[in-house]
Amino acid sequence: MADPKFEIQMLHDRVMVKVERELEERRSSAGIVIPATVKMANRLVWGEVSGAGASVRSVKTGDKVLFNPEDQYEVEVQGQLYLVLRERDLHAVATQQTDHGTGLYL
Amino acid sequence: MADPKFEIQMLHDRVMVKVERELEERRSSAGIVIPATVKMANRLVWGEVSGAGASVRSVKTGDKVLFNPEDQYEVEVQGQLYLVLRERDLHAVATQQTDHGTGLYL
Amino acid sequence: MADPKFEIQMLHDRVMVKVERELEERRSSAGIVIPATVKMANRLVWGEVSGAGASVRSVKTGDKVLFNPEDQYEVEVQGQLYLVLRERDLHAVATQQTDHGTGLYL
Amino acid sequence: MADPKFEIQMLHDRVMVKVERELEERRSSAGIVIPATVKMANRLVWGEVSGAGASVRSVKTGDKVLFNPEDQYEVEVQGQLYLVLRERDLHAVATQQTDHGTGLYL
Amino acid sequence: MADPKFEIQMLHDRVMVKVERELEERRSSAGIVIPATVKMANRLVWGEVSGAGASVRSVKTGDKVLFNPEDQYEVEVQGQLYLVLRERDLHAVATQQTDHGTGLYL
Amino acid sequence: MADPKFEIQMLHDRVMVKVERELEERRSSAGIVIPATVKMANRLVWGEVSGAGASVRSVKTGDKVLFNPEDQYEVEVQGQLYLVLRERDLHAVATQQTDHGTGLYL
Amino acid sequence: MADPKFEIQMLHDRVMVKVERELEERRSSAGIVIPATVKMANRLVWGEVSGAGASVRSVKTGDKVLFNPEDQYEVEVQGQLYLVLRERDLHAVATQQTDHGTGLYL
């Protein structure tokens, strides 16, 4: 696992997402102020796509994607934590050009 | 997540729904008078569509839609709370023009 | 939700059913005499169709339909309570003209 | 529900079965002698078809059918109790003419 | 249920199997010596086919079939106990002529 | 069940596997030394195919096959214990000629 | 099971993966330092493919693959421990040549 010549390629419908700083903080500490009316278990978060399998159609590397951070698979590569999701578990994408965007911006 | 140039676009069959004021109140407080004969868990509510994925056929931005507010995914954009649903979980739509409406109005 | 110009239209296979007076009474009170040999959880009831989605084939507005009243979604429109069901959860229909009726009448 | 002009018609794959006297007795009373070696939960019973939906192929009104009486939907019409089943939950039929009968008679 | 003119015919993929004497004994009594290393819940048994529905392809009346006796539906006809199974729940058949038999005999 | 003329033939996708001596021992006794780091519930074992149904494509009588011995159906024929599995629950086969073998041998 | 002439061939969509030294250590001991913020149950690990069934399309012997090590089937061949997975349970592959790699290396 120390050979640097092996490049990682996602399989099937899998998407690798870089975990945002905020997400990590919210996980490691209960000290952050969270509005009491919000059920965190259903709160979606944004992350950045780092790789996508050959059957992924709707997102690409660099896009920001909206997903449920709970119960996702994790992998650490070169000291950075990533989540591994399926394309169908992504709810929205945020990009610089859109086809039928919501008119809402991150 | 502070870059304002990323426009949000819903994916697949997902629909983004703006939470109505009444719904938020009913959630944050138990002080509202609710008829005792009503099981709230099955009570549907109305919200307004703010965005829809490319495969959504039956509703569009601005429509009011009927759905079950329990156990839905939430996302906050620019300080406003939205729910993220699948098209198949919408039960009815209310629009200004209808094809085969019920003759009932909101 | 106060704009009277939005007409309600059911989606997909959804059917809106007006709750009969008897059903409401049986729900709100345990004082009604119910034969002890009957397991109420499986007892079907009749209601009247108030609207049906575009994919509904076998019933129309005004038909009386037979369904299980337990665990159904509810919505209140203009002070009247309705249930929202899927067409496949309707077991029988009672109409004034039938193709292959049972010879039994409501 | 008092209008006698509404004729009942079963929907889809539903079959309406008249409950036999024996079945009702066995349900309302624990006083009947039941062989101790028999697990009643899996014991099938016979009833008579009173109506069948348009997609039902293998049974018709008047046939006797074999089914599991547990956890079935019930409806009362004109004071008579009926069960509502799906065609696929019928295990056998007994008729006066058969194509590939078992050679066994009720 | 006393009319002897109604002949029983199995429906769909259902198979009626006559319960062998050994099986009944093993059920009604715990006194039979059973090797301690055997988990009886997974032990398959043999029975004889008494009837089969129109869609059954691989077995016929008179064949001996191998099945799991636990949690099966039962019906009593003329004082004889039968089980009602689906064809897909039969694991093996033993007949006097075979196409690709195991070379093992009952 | 004493008639020696009935030959056993597996049905559908079923495979009959002869239980290896080691497997029986490991089951009947807890005295065998098992490495403490191994979760036995997920440990696969090898057995020999004694018969296969008409739809089985990838293994034949005499092949050694790899499977999970837990919660499988059992049948005893002429005093020998066999397991009955589905082809899809076999993970690997070991044969004397292979098409795309692993280069590993039993 | 001592005959060296039987070569192992994986079936269907199964992939045999050689367990890396780190994985074994992490399993046999709780003494390894694991960051407290990481839920190990969802942490994916890398292993090397030792064989693949005929229907496997996306990985081959010698590739490194990313998978969830929990609740996988295990088999021991010639003293070496392997896991047996389905191709669809592999999330990523790392190879020396890639088509649409992530630009990240092991």
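Parameters and conventions
The residue numbering used here restarts from 1 in each chain and proceeds along that chain's sequence as written. Starting at A for chains and at 1 for ligands, labels are handed out in the order in which the entities are written. Where totals are concerned, whole chains, interfaces and linings use all residues; where local detail is concerned, this predicted model gives features only for residues with pLDDT of at least 70, and gives and counts side-chain atom pairs only at 80 or more. To obtain the side-chain values, all non-hydrogen atoms of the structure were used and water was disregarded. Each helix is a run of H or I in the DSSP string that is no shorter than four residues. Each strand is a run of E no shorter than two, and both are numbered from the N terminus. When a residue's accessible area, from a 1.4 Å probe over protein chains only, is under 20% of the maximum for its type it is buried; when over 50% it is exposed; and in between it is partly exposed. Per-residue accessibility takes into account occlusion by the displayed protein chains alone, with areas from the Shrake-Rupley method and a 1.4 Å probe. A pair of strands is considered paired only if DSSP assigns at least 2 bridges between the two. Helix axes use the C-alpha atoms of the stretch in contact, all axes being lines fitted to C-alpha atoms, and the angles between their N-to-C directions lie in the range 0 to 180 degrees. Throughout, a residue-residue contact means that at least one pair of heavy atoms, one from each residue, lies within 4.5 Å. A quick way to say it: buried area is the sum, across both parts, of accessible area lost when two parts are put together, with a 1.4 Å probe. Here, a salt bridge means any Lys or Arg side-chain nitrogen found within 4 Å of an Asp or Glu carboxyl oxygen. N or O atoms within 3.5 Å of each other form a polar contact, as long as, within protein, one can give a hydrogen and the other can take it, and as long as residues adjacent in sequence are counted only when both atoms are side-chain atoms. Classification convention: Asp, Glu, Lys, Arg as charged; Ala, Val, Leu, Ile, Met, Phe, Trp, Tyr, Cys, Pro as nonpolar; all other residues, Gly among them, as polar. Each aromatic pair joins two rings of Phe, Tyr and Trp (for Trp, the six-membered one) with centres within 6.5 Å, and gets the label stacked for planes under 30 degrees apart, edge-to-face for over 60, and tilted for any other angle. We count a charge as sitting over a ring when the NZ of a lysine or the CZ of an arginine lies within 6 Å of the ring centre and within 35 degrees of the ring normal. Confidence scores labelled pLDDT are given residue by residue by the predictor and lie between 0 and 100.

Draft legend 1. View of the overall build of chain A. For chain A, the helix and strand inventory stands at one helix and seven strands. Secondary structure of chain A in N-to-C order comes out as β-β-α-β-β-β-β-β. Out of the 106 residues in chain A, the part that is buried amounts to 51%. Total accessible area on chain A stands at roughly 5200 Å², and carbon and sulfur atoms take up 46% of it.

Draft legend 2. Quick look at the sheet that holds strand S5 (residues 73-77) of chain B. Pairing within the open sheet is antiparallel, and its seven strands lie in the order S5(B)-S6(B)-S2(B)-S3(B)-S4(B)-S7(B)-S1(C). A single partner strand is all that each edge strand has here, and the edge strands are S5 of chain B together with strand S1 (7-10) of chain C. Taking the axes of each pair of neighbouring strands and ignoring which way they run, one obtains an average angle of 40 degrees across the sheet.

Draft legend 3. View of the sheet that holds strand S5 (residues 73-77) of chain F. Taken together, seven strands build an open sheet; the order of strands is S5(F)-S6(F)-S2(F)-S3(F)-S4(F)-S7(F)-S1(G) and the sheet is antiparallel. Both outer strands of the open sheet, S5 of chain F together with strand S1 (7-10) of chain G, are each paired with one neighbouring strand and no more. Direction aside, the axes of adjacent strands within the sheet are offset by 40 degrees on average. Note that S5 of chain F and strand S6 (residues 80-86) of chain F share five bridges and pair antiparallel. Looking across to S6 of chain F, one finds that Glu-76 of chain F is bridged to Leu-81 of chain F.

Draft legend 4. Up close: the interface of chain G and chain A. Of the residues lining the interface, 34 residues belong to chain G; the matching set on chain A comes to 30 residues. Together, the buried faces of chain G and chain A total about 3200 Å²; carbon and sulfur atoms form 56% of this surface. Of all residues in chain G, the largest losses of buried area upon contact with chain A belong to His-91, Leu-104 and Tyr-105 of chain G, amounting jointly to 20% of the total for that side. The residue Glu-76 of chain A makes a salt bridge to Arg-43 of chain G at a minimum N-O spacing of 3.1 Å. Remark: the boundary between chain G and chain A carries 16 residue pairs in polar contact (both at pLDDT 80 or more). Put simply, the parts of the chain that give the side of chain G that touches chain A at least two residues each are strand S4 (64-67) and strand S7 (92-95) of chain G. Here the side of chain G that touches chain A gets four residues from one element, more than from any other, and that element is S7 of chain G. Residues of the side of chain G that touches chain A, tallied by class, amount to 12 nonpolar, 13 polar and nine charged. Relative to S7 of chain G, strand S1 (residues 7-10) of chain A runs antiparallel, the two being bridged by four bridges.

Draft legend 5. Seen up close, the interface of chain E and chain D. Contacts between the two partners involve 30 residues from chain E and, on the opposite side, 33 residues from chain D. Counting the surface lost from both chain E and chain D, the interface buries some 3200 Å², and carbon and sulfur atoms represent 56% of this. Connecting chain E to chain D are two salt bridges. On the surface where chain E and chain D come into contact, there are 16 residue pairs in polar contact (both at pLDDT 80 or more). Breaking the side of chain E that touches chain D down by element, the ones donating at least two residues are strand S1 (7-10), strand S2 (14-18), strand S3 (45-52), strand S5 (73-77) and strand S6 (80-86) of chain E. With five residues, S5 of chain E is the largest single contributor of residues to the side of chain E that touches chain D.

Draft legend 6. Representation of the pattern of salt bridges within the structure. Considering all chains together, one arrives at 35 salt bridges over all chains under this definition. Because the salt bridges share partners, they merge into one network encompassing Asp-13, Arg-14 and Arg-86 of chain A.

Draft legend 7. Main features of the packing of aromatic side chains. Per the stated rule, a full pass over the model turns up zero aromatic pairs over all chains. Over the ring of Phe-6 of chain B we find Lys-64 of chain A; its NZ or CZ atom is 5.4 Å from the centre of that ring.

Draft legend 8. Spatial organisation of the environment of Val-49 of chain B. All names here are of chain B. Tracing the backbone shows Val-49 in strand S3 (residues 45-52). The spatial distance from the C-alpha of Val-49 to the C-alpha of Tyr-82 is 9.5 Å, given a sequence separation of 33 residues. Val-49 has contacts with Val-15, Met-16, Val-59, Lys-60, Thr-61, Gly-62, Asp-63 and Val-65, leaving out every residue within four places of it along the chain.

Draft legend 9. Fine view of the environment of Gly-62 of chain B. Position of Gly-62 of chain B among the secondary structure elements: in the loop between S3 and strand S4 (64-67). As a C-alpha pair, Gly-62 of chain B and Val-17 of chain B span 45 residues in sequence and 9.5 Å in three-dimensional space. Excluding its chain neighbours within four sequence positions, the residues that come into contact with Gly-62 of chain B are Glu-48 and Val-49 of chain B together with Phe-6 of chain C.

Draft legend 10. A look at unusual backbone geometry. Residue and element names in this part refer to chain C. In this model, His-12 sits at a positive phi of 55 degrees, which is unusual for a non-glycine residue. With respect to the helices, strands and loops of the structure, His-12 is situated in the loop between S1 and strand S2 (14-18). His-12 sits in the partly exposed class, given a relative accessible area of 22%.

Draft legend 11. Structural view of the environment of Val-93 of chain A. Tracing the backbone through its elements, the reader meets Val-93 of chain A in strand S7 (residues 92-95). Each C-alpha atom of the pair Val-93 of chain A and Glu-48 of chain A lies 9.6 Å from the other, and the pair is 45 residues apart in sequence.

Draft legend 12. Spatial organisation of the confidence of the model for chain A. Model confidence for chain A is summarised by a mean pLDDT of 82, while 77% of its residues fall at 70 or above. A low-confidence stretch, residues 23-39 of chain A (pLDDT under 50), is modelled with 18 contacts involving residues beyond four sequence positions or located in other chains.

Draft legend 13. The pairing of S7 of chain A, seen in detail. Residue and element names in this part refer to chain A. Covered by surrounding structure in S7 are Ala-92 and Ala-94 together with Val-93 and Thr-95, the residues of both alternating faces. Summarising the sheet, strand S4 (residues 64-67) and S7 pair through three bridges and their orientation is antiparallel. The residue of S7 that forms the bridge with Lys-64 is Ala-94.

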